[in-house]
Amino acid sequence: MSETGVVRENLTTLRKHLRAREEDGGLRRVLEAVALAGKSIAHKVRRARIDDDVIGQAGAQNTHGEDQQKLDVMSDELVLQCLRECPEVAVYASEERDEALVLKTASEGGRFCVVSDPLDGSSNIDVAVSVGTIFSVLDNDQPDADTEKSALQPGTRQRAAGYILYGSSVVLVLTLGDGVDMYVLDPVVGEFLLVQERLQMPAERKIYSINEAYADDFEPWVRAYLDHAHANGYGSRYIGSMVADVHRTLLKGGVFLYPPTAKAPAGKLRLLYEGSPMAFVVEQAGGVATAGKERLLEQVPEKLHQRTPVILGSRAEVEQVQSHI
Ligand code: AHM
Ligand code: MG
């Protein structure tokens, strides 16, 4: 009956769907904790300009020297609060925190490391543009003395990754390494409901998504690709909120790029909090994600807040970009 938009025949909640796929429940509990944080953040986003504590600067800067928004700080706290309730979480590393936080060592039962950009695109919150929470789950592979280092693993080792997009609807996109599933928060039921399993992105589409205002600062290969796009009837879409730009690219195809610029020679986006989780999702949906010539998921992080160039999207379009490098 979904044709009428009234009732779906099968209501599968996130919990039910994860239960059917994972036996020991540990990873499921971590993902449910992230989803719970997402519900709380979605609620706060919806109250922008109604409540005083949502819009505006928090008065501090994060480790990247960027002004933190009140909602950046609040989202980070909400994710942490939900993860603290989950006995399997060893480490929480966030774009908003200088250091990784050890919640439990391996000998205390800490099995997983959660890495997150709790509110990507937050500079857009005052104009009601879509923002989102990006997350990645890794095994805690470190002995007790070095637990905080467990975040420093290449994206190929992710156990799960995804994002929650706070847009005109609240969408959770998740991969556990065997395809990508999409859920939408039903505001009445208060649950994420499965709307699409094994999502595959279009193999090709002539759309590019890049901040073209930096054209003079791009390396020649980026300008060469843009010349190709201008000469071949491409469309251009750029929201300036990665989570929203990647979501559109996932569903409609094309390519999203944040390449190196003169000001940001390694690009702006962070490998652990933004690049790796999005690359995992895109690859699992049949797309390609690179940091230039190299596969993004194979980049080995040396530092928590390391940046990376990001080029991801439909296979044919990423290959087109790469042909100019
Ligand atoms: P944030 O994590 O502080 O929100 O910054 C990352 C955001 C991405 O969402 C987006 O792709 C990018 O910054 C936009 O940057 P620019 O304004 O340079 O195009
Ligand atoms: Mg971000």
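Preceding this section is the structure that the text describes.
Residues numbered from 1 in each chain as written. Chains lettered and ligands numbered in written order. Predicted model: local features only at pLDDT ≥ 70, side-chain atom pairs only at ≥ 80, totals over all residues. Heavy atoms only, no water.

Observations concerning the overall build of the protein
For the record, the criterion: Secondary structure is summarised from DSSP: a helix means a run of H or I of at least four residues, a strand means a run of E of at least two, and numbering begins at the N terminus for each. The globule rule used here is 2.2 Å times the number of residues to the 0.38 power, and the radius of gyration it is set against is calculated over C-alpha atoms. Each residue gets one of three labels from its accessible area relative to the maximum for its type: buried under 20%, exposed over 50%, partly exposed in between, using a 1.4 Å probe on protein chains only. Only the protein chains shown count as covering a residue, and every accessible area follows the Shrake-Rupley method with a 1.4 Å probe. The charge count treats Lys and Arg as positive and Asp and Glu as negative. His and the chain ends do not count. Think of each charge as sitting on NZ of Lys, CZ of Arg, CG of Asp or CD of Glu.
Check the secondary structure of the protein and you find seven helices and 15 strands. Scaling as 2.2 N^0.38, a compact globule of 325 residues should have a C-alpha radius of gyration of about 20 Å, and the protein matches this with 19 Å. Along the three orthogonal principal directions, the C-alpha set of the protein runs to about 55 × 55 × 40 Å. Buried positions account for 54% of the 325 residues belonging to the protein. Of the accessible surface of the protein, which amounts to about 14100 Å², a share of 47% is contributed by carbon and sulfur atoms. Computed over 35 positive and 48 negative side-chain charges, the inter-centroid distance for the protein is 3 Å.

Thoughts on the sheet that holds strand E6 (residues 131-139)
Convention followed: When DSSP locates at least two bridges between a pair of strands, those strands are taken to pair. Note on contacts: a residue pair qualifies if any of its non-hydrogen atoms lie within 4.5 Å across the two residues. What counts as an axis is a line fitted to C-alpha atoms, over the stretch in contact for a helix, and the angles between N-to-C directions run from 0 to 180 degrees.
With respect to topology, eight strands assemble into an open sheet ordered E4-E3-E5-E6-E7-E8-E9-E10, the strand pairing being mixed. Each edge of the open sheet carries a strand with a single partner, namely strand E4 (101-102) and strand E10 (191-196). The pairing of strand E9 (residues 180-186) with E10 spans five bridges and is classified as antiparallel. When the bridges of E10 are listed, Met 182 appears paired with Gln 196. Across the sheet, helix H2 (residues 26-46) lies against strand E3 (89-94), strand E5 (112-120), E6, strand E7 (160-166), strand E8 (170-175), E9 and E10, angled at about 15° from E7, the strand it touches most. Each of E5, E6, E7, E8 and E9 is contacted by helix H5 (residues 242-252), which is oriented at about 105° to E7, the strand it contacts most.

Some words on the side chain of Gln 158
As a reminder of what qualifies: Residues adjacent in sequence count toward polar contacts only when both atoms are side-chain atoms; beyond that, a polar contact is any pair of N or O atoms within 3.5 Å, and within protein one must be able to donate a hydrogen and the other to accept it.
Secondary-structure assignment places Gln 158 in the loop between E6 and E7. Within polar-contact distance, the side chain of Gln 158 engages the side chain of Ser 136 at 2.9 Å. Here the side chain of Gln 158 touches Ser 276 through a polar contact of 3.2 Å, landing on its backbone oxygen. Once you skip the residues sitting within four places of it in the chain, Gln 158 turns out to touch Ser 136, Val 137, Leu 138, Ser 276, Pro 277, Phe 280 and Leu 297.

Things to note about the pairing of E5
Among the nine residues that make up E5, nine are buried, leaving the element largely enclosed by the rest of the structure. Of the pairings in the sheet, the one linking E3 to E5 comprises five bridges and is parallel in character. Its bridge partner lying in E5, Val 89 is registered against Phe 112. Here seven bridges tie E5 to E6, and the two strands are oriented antiparallel to one another. Note that in E6 the partner of Val 114 across the bridge is Val 137.

Some points on unusual backbone geometry
At Arg 49, a residue that is not glycine, the phi angle is positive and equals roughly 70°. With respect to the helices and strands, the residue Arg 49 is situated in the loop between H2 and strand E1 (57-61). Despite not being glycine, Ala 128 shows a phi value in the positive range, around 60°. Position of Ala 128 relative to the elements: it lies in the loop between E5 and E6. Among the residues examined, Ala 128 registers a relative accessible area of 75% and is labelled exposed.

A closer look at the packing of H5 against helix H6 (residues 271-284)
Put simply, the rule is: Roughly parallel means an angle under 35 degrees; roughly antiparallel, over 145; roughly perpendicular, 65 to 115; everything else is oblique. Each helix crossing is assigned a hand: it is left-handed if the near helix lies turned anticlockwise from the far helix by less than a right angle, otherwise right-handed if that turn is clockwise. Here the term charged refers only to Asp, Glu, Lys and Arg, the term nonpolar to Ala, Val, Leu, Ile, Met, Phe, Trp, Tyr, Cys and Pro, and the term polar to all other amino acids, Gly among them.
Where H5 contacts H6, the axes come no closer than 11 Å and their chain directions differ by 15°. Accordingly, the angle class assigned to the pair H5 and H6 is roughly parallel. The handedness of the crossing between H5 and H6 comes out as right-handed. For the pair H5 and H6, the contacting residues are Met 242, Val 243, Val 246 and Leu 250 in the first and Glu 274, Met 278, Val 281 and Val 282 in the second. Taken together, the residues of the contact of H5 with H6 sort by class into seven nonpolar, no polar and one charged.

Side note on helix H4 (residues 220-231)
Here is the rule we go by: Each residue after the first adds 1.5 Å to the expected span of a helix. It is the directions from the helix axis to the C-beta atoms whose arc is reported.
With twelve residues, H4 ought to run about 16 Å at 1.5 Å a step, and its terminal C-alpha atoms sit 16 Å apart, in line with that. Among all positions in H4, only Trp 221, Val 222, Tyr 225, Leu 226 and Ala 229 are buried. Each buried residue of H4 sits inside an arc of 140° when the element is viewed along its axis, so together they form one side. Counted as exposed and oriented over 90 degrees from the buried face of H4: Pro 220, Asp 227 and Ala 231. Next to the buried residues of H4 lie strand E11 (207-209), strand E13 (255-258), strand E15 (310-313) and helix H7 (315-322). Count one or two residues on from H4 and you reach Gly 233, which has phi positive near 70°.

Here we look at the nonpolar core
Our working definition: Nonpolar cores were defined as sets of buried Ala, Val, Leu, Ile, Met, Phe, Trp, Tyr and Cys residues, with membership established by side-chain atoms within 4.5 Å.
Among the nonpolar cores identified, the biggest contains 43 residues, and Leu 14, Leu 31, Leu 83, Ile 164, Tyr 166, Leu 174 and Phe 192 are the most heavily contacted of them. At ten residues, the largest contribution of residues to this core is made by H2. Sequence-distant contacts of Leu 31, that is, excluding residues within four places in its chain, are made with Leu 18, Phe 135, Val 137, Ala 160, Leu 174 and Leu 176. Counting residues in each nonpolar core, the second largest holds 31 residues, with Leu 199, Val 243, Phe 256 and Leu 271 among its members.

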